[in-house]
Amino acid sequence: MIPGTRPGVPDDDGIDDMTANTPHPTAATVLITGASTGIGLATAVAVARAGHTTIATMRDLSRAGALRDAASAAGVDLEIAQLDVTDDESVERAVARVVAEHGRLDAVVNNAGAAAVGTVELLELGRFRDAMEVNFFGVVRVTKAAMPHLRASGGRVLTVSSVGGIVGQPFNDAYCAAKFAVEGFLESLHPVAATVGVGVCVIEPGAVASEFVANAGIDPAAAVAEAGPYAPAVVAYLERTARSFAAAQSAEDVGGLIAGLLDAAALPFRVQTSNAARAFVTPKLADLDGSAVTAITRGWVTPAA
């Protein structure tokens, strides 16, 4: 690697980078959450391909088949372990096992997440709690358990957020609230972690071709039928979402970028994974009164003339 460069991230992205630590050794020990499908699976394969000791975790080990097949196809070795980000004991046990068996922990990739589609009037309050538990408290729980070991190794916390952690999106009330919380948590942690040699980075994909949307369990016809006064807005939203995911970035692209960040000499705090993602968040990051971003998202739920 050339010092000062960041794999997969343009040098002209306008981010004021802070280097919290020196690059990792060639063989880092990396724990990845939510690795059964999508970005987590692709990241696990990419990290293993880069020569790192890879511990790919998931809540339900019965879903490990796709990861085993992908690792075999790529010709890489990795470990698969159980970890439920919503369970304190599961997280503590998994982290302790990694350190006991490998002697160190160099990086955590917080990837586990869950969609939650709907607007506040129509969603049960429990859906908000569930979204926060997985998408926010899961990140806090894993990061907290890992921090003592990352301090010892001069390690890194890499967290898959979303452009939805910057721009609130229609019918993603609960999901975006959780991702906003993730960004606030890690932005606050970033300078403090740097004082003890730990790098912190959030990764912000836009639309990614993966099982994430399918796992949300959205039945478009049912969603419209149950939307009541919001039905026209739901129709417009679903049409816009379909167009967006038709041009989605691949999970493999995102996984490769994350693997590159493990050894990046200058670790930025915030990384968008594509030009589309950068274009999407730019108005918000330069939008002091919020008018630009709300003008954009209003168009998502306005029926076509």
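You'll find the structure just up there.
Here's a quick rundown of the structure.

### Remarks on the pattern of salt bridges
Alright, step 1. Overall, the coordinates contain eight salt bridges when judged by the stated rule.
Alright, step 2. Linking Arg97 and Glu79 is a salt bridge whose minimum nitrogen-to-oxygen distance equals 3.5 Å. Linking Arg97 in helix 3 (residues 88–102) with Glu79 in strand 3 (residues 79–82), this pair joins segments that are 18 residues apart in sequence.
Alright, step 3. Relative accessible area serves as the criterion here: at 31%, Arg97 is assigned to the partly exposed category.
Alright, step 4. Here Glu79 falls in the partly exposed class, since its relative accessible area comes to 23%.
Alright, step 5. Arg104 is the partner of Asp106 in a salt bridge, and the nearest nitrogen-oxygen pair spans 2.7 Å.
Alright, step 6. Salt bridges here are not isolated pairs; linked through shared partners, they connect Glu183, Glu187, Glu204 and Arg270.

### Here's the deal with unusual backbone geometry
Alright, step 1. For Phe171, which is not a glycine, the phi torsion comes out positive at approximately 60°.
Alright, step 2. Take Phe171: it is sitting in the loop between strand 5 (156–160) and helix 5 (173–194).

### A look at the nonpolar core
Alright, step 1. The biggest cluster of nonpolar side chains holds 36 residues, and the ones touching the most others in it are Val30, Leu67, Leu158, Ile258 and Leu261.
Alright, step 2. Where this core is concerned, the elements lending two or more residues are strand 1 (29–32), helix 1 (38–49), strand 2 (53–58), helix 2 (65–74), strand 4 (107–110), strand 5, strand 6 (199–204) and helix 9 (251–261).
Alright, step 3. A per-element tally of this core places helix 1 first, with eight residues.
Alright, step 4. Look past the residues within four positions of Leu158 in its chain and what remains in contact with it is Val108, Val109, Asn110, Cys201, Ile203, Ile258, Leu261, Leu262 and Leu267.
Alright, step 5. Val91, Val98, Val198 and Val202 belong to the second largest nonpolar core, which has 29 residues in total.

### Here we look at the side chain of Thr29
Alright, step 1. Its location among the elements puts Thr29 in strand 1.
Alright, step 2. Thr29 sits in the buried class, given a relative accessible area of 4%.
Alright, step 3. Not counting residues within four places of it along the chain, the set of residues in contact with Thr29 comprises Thr53, Ile55, Val98, His102, Arg104, Leu105, Asp106 and Ala107.

### Structural notes on the sheet that holds strand 3
Alright, step 1. Across the sheet, seven strands lie side by side as 3-2-1-4-5-6-9; this open sheet has parallel pairing. The open sheet has two free edges, formed respectively by strand 3 and strand 9 (270–272), since each of these has just one partner strand. Between one strand axis and the next, the sheet turns by 20° as a mean value, whatever way the strands run.
Alright, step 2. Looking at chain direction, strand 4 and strand 5 are connected through four bridges and run parallel. Along strand 5, the bridge assignment pairs Ala107 with Arg156.
Alright, step 3. Here helix 1 sits on the sheet and contacts strand 1, strand 2, strand 4 and strand 5; the angle it forms with strand 1, its principal contact strand, is near 170°.

### Side note on helix 3
Alright, step 1. The terminal C-alpha atoms of helix 3 lie 21 Å apart, and with 15 residues this matches the ideal 21 Å at 1.5 Å per residue to within 8%.
Alright, step 2. Residues of helix 3 that are buried include every one of Ser90, Val91, Ala94, Val95 and Val98, and no others. Relative to the axis of helix 3, the buried residues are bounded by an arc of 125° and lie together on one face. Opposite its buried face, helix 3 presents the exposed residues Glu89 and Ala100, each directed more than 90 degrees away.
Alright, step 3. Against the buried residues of helix 3 lie strand 1, strand 2, strand 3 and helix 4 (125–153).

### Structural notes on the pairing of strand 1
Alright, step 1. Alternating positions in strand 1 separate into two faces, Thr29 and Leu31 on one and Val30 and Ile32 on the other, with burial throughout.
Alright, step 2. Across four bridges, the pairing between strand 1 and strand 2 is parallel. Across the sheet, the residue bridging to Leu31 is Ile55, located in strand 2.
Alright, step 3. Between the parallel pair strand 1 and strand 2, the chain is carried across by helix 1, and the sense of this crossover is right-handed.

What counts and what doesn't
- Here, residues in each chain are numbered from 1, in the same order as that chain's written sequence.
- Only residues with pLDDT of at least 70 are given local features in this predicted model, and only at 80 or more are side-chain atom pairs given and counted; all residues enter the totals for whole chains, interfaces and linings.
- By convention in this description, side-chain values take in all heavy atoms of the structure and omit both hydrogens and water.
- By convention in these notes, a salt bridge is any Lys or Arg side-chain nitrogen within 4 Å of a carboxyl oxygen on Asp or Glu.
- Going along the chain from the N terminus, every DSSP run of H or I of four or more residues is numbered as a helix, and every run of E of two or more is numbered as a strand.
- Accessibility here uses a 1.4 Å probe with only protein chains present; expressed as a share of the type maximum, an area under 20% marks a residue as buried, one over 50% as exposed, and anything in between as partly exposed.
- As used here, the term nonpolar core means buried Ala, Val, Leu, Ile, Met, Phe, Trp, Tyr and Cys residues forming a set that is joined through side-chain atoms within 4.5 Å.
- Pairs of residues are marked as contacts when any of their non-hydrogen atoms sit within 4.5 Å.
- Only strands joined by at least two bridges in the DSSP assignment are considered to pair.
- Axis lines are fitted to C-alpha atoms, over the contacting stretch for helices. Their N-to-C directions set the angle, which ranges from 0 to 180 degrees.
- A helix's residues, less one, multiplied by 1.5 Å, set its expected span.
- Here the arc refers to the set of directions running from the helix axis out to each C-beta atom.
- We call a crossover right-handed when, viewed with the strands running away from us, the connection from the first strand over the helix to the second turns clockwise.

Keep in mind these numbers describe shape, not what the thing actually does.
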